[in-house]
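Residue strings, one per chain:
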Amino acid sequence: MANKKEDYLFLSAMLRARESKMLKRSKAEAMLDASSFGEAARMVSDCGYKDMSAMNAKEIEQALNEHRAEEFAELGRMAPNESVVDLFRTKYDYHNVKTLLKAEAENVDRSDLLNDSGRISVEKLTEAIHEDQLVGVHLHCDAIHGSFSPFQLPQARLRCMPLPSFRTRRGR
């Protein structure tokens, strides 16, 4: 049977070992209370991120996005079924769709808010929305549906539905 708990023991143990270095809420709050930007940047680098003390806000955002993408890629390579990792990337697809739809409705460019951590490329989503083809873009999660019972992993059922057609609701 695919995706038995034992298949993920190594991955689970690796993540547990890394937990102490992860950026947690308490550390984020401590960063806000830091006396200087350099001190806050040092706290982030203590969590395994590259040194950001000489970066501006846009460069920091890019570095954080790159770090997230690297982590997802590593987990995907290590997981017996990469679709399981893709579950956690799905929220970025929804964020991007929501951002693109709002930007189009307001006739503004908000590409600065888009994130490359999703399963569907920003370029493909942008093109689908501009060409009024969002209905055809959906999250291919058949492998996940076949691997898990909805009772074992309810977010698989909830997050892997096709993207809704916002166009038809807006009267286009």
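### Looking at the overall build of the protein chain
Helix and strand content of the protein chain: nine helices and zero strands. Counting helices and strands in the order they occur from the N terminus, the protein chain gives α-α-α-α-α-α-α-α-α. Counting across all 172 residues of the protein chain, residues that qualify as buried make up 34%. Of all intrachain contacts in the protein chain linking residues separated by at least 6 positions in sequence, the fraction that spans at least 24 positions is 58%. Accessible surface for the protein chain amounts to roughly 11,300 Å². Of this, 54% is attributable to carbon and sulfur atoms.

### A look at the pattern of salt bridges
Counted under the stated rule, the structure contains nine salt bridges. Linked through salt bridges whose partners overlap, the residues forming this network are Arg 18, Glu 71 and Glu 74.

### Examining the environment of Met 78
The topology assignment puts Met 78 in helix α4 (residues 57-78). Residue Met 78 is classed as partly exposed on the basis of its relative accessible area, which comes to 28%. Excluding anything up to four places from it in sequence, Met 78 contacts Phe 10, Leu 11 and Met 14.

### Focus on the nonpolar core
Within the largest apolar cluster, nine residues are counted, these being Tyr 8, Leu 11, Met 14, Phe 72, Leu 75, Ala 79, Val 84, Val 85 and Tyr 92. Elements that contribute at least two residues to this core include exactly α1 (9-18), α4 and α5 (82-106). Here this core takes three residues from α5, the largest share from any one element.

### A few points about helix α3 (residues 37-45)
Here α3 has its buried residues at Ala 40, Ala 41, Met 43 and Val 44. Projection of α3 onto a plane perpendicular to its axis shows the buried side chains occupying an angular sector of 155°, all on one side. Buried residues in α3 make contact with α2 (25-32).

### Structural notes on unusual backbone geometry
The phi dihedral of Asn 107 is positive, around 55°, even though this residue is not glycine. Mapped onto the fold, Asn 107 is located in the loop between α5 and α6 (122-130).

### Remarks on the side chain of Asp 93
Position of Asp 93 among the secondary structure elements: in helix α5. We note that Asp 93 is buried and unpaired, the nearest opposite charge coming from Arg 119 at a distance of 5.2 Å. One polar contact links the side chain of Asp 93 to the main-chain amide nitrogen of Ile 120, over a distance of 2.9 Å.

### Some thoughts on the packing of α1 against α4
α4 packs onto α1 with a crossing angle of 150° between their chain directions and a minimal axis gap of 10 Å. Judged by the inter-axis angle, α1 sits roughly antiparallel to α4. Handedness of the α1/α4 crossing: right-handed. Residue-level contacts link Phe 10, Leu 11, Met 14, Leu 15 and Arg 18 of α1 to Glu 71, Glu 74, Leu 75 and Met 78 of α4. Taken together, the residues of the contact of α1 with α4 sort by class into six nonpolar, no polar and three charged.

Quick notes on the rules
- Residues numbered from 1 in each chain as written.
- Predicted model: local features only at pLDDT ≥ 70, side-chain atom pairs only at ≥ 80, totals over all residues.
- Heavy atoms only, no water.
- Helix = DSSP H or I, 4+ residues; strand = E, 2+ residues; numbered from the N terminus.
- Buried < 20%, exposed > 50% of the residue type's maximum accessible area, 1.4 Å probe, protein only.
- Contact = heavy atoms within 4.5 Å.
- Areas by Shrake-Rupley, 256 points an atom, 1.4 Å probe, with all protein chains shown as cover.
- Salt bridge = Lys/Arg side-chain N within 4 Å of Asp/Glu carboxyl O.
- Core = buried A, V, L, I, M, F, W, Y, C linked by side-chain atoms within 4.5 Å.
- Arc of directions from axis to C-beta.
- Lys, Arg positive; Asp, Glu negative; His and termini not counted.
- Polar contact = N/O pair within 3.5 Å; in protein donor to acceptor, adjacent residues only side chain to side chain.
- Axes fitted to C-alpha atoms, helices over the stretch in contact; angles between N-to-C directions.
- Parallel < 35°, antiparallel > 145°, perpendicular 65-115°, else oblique.
- Left-handed = near helix turned anticlockwise from the far one by under 90°.
- Nonpolar A, V, L, I, M, F, W, Y, C, P; charged D, E, K, R; others polar.

In short, geometric facts, not functional conclusions.
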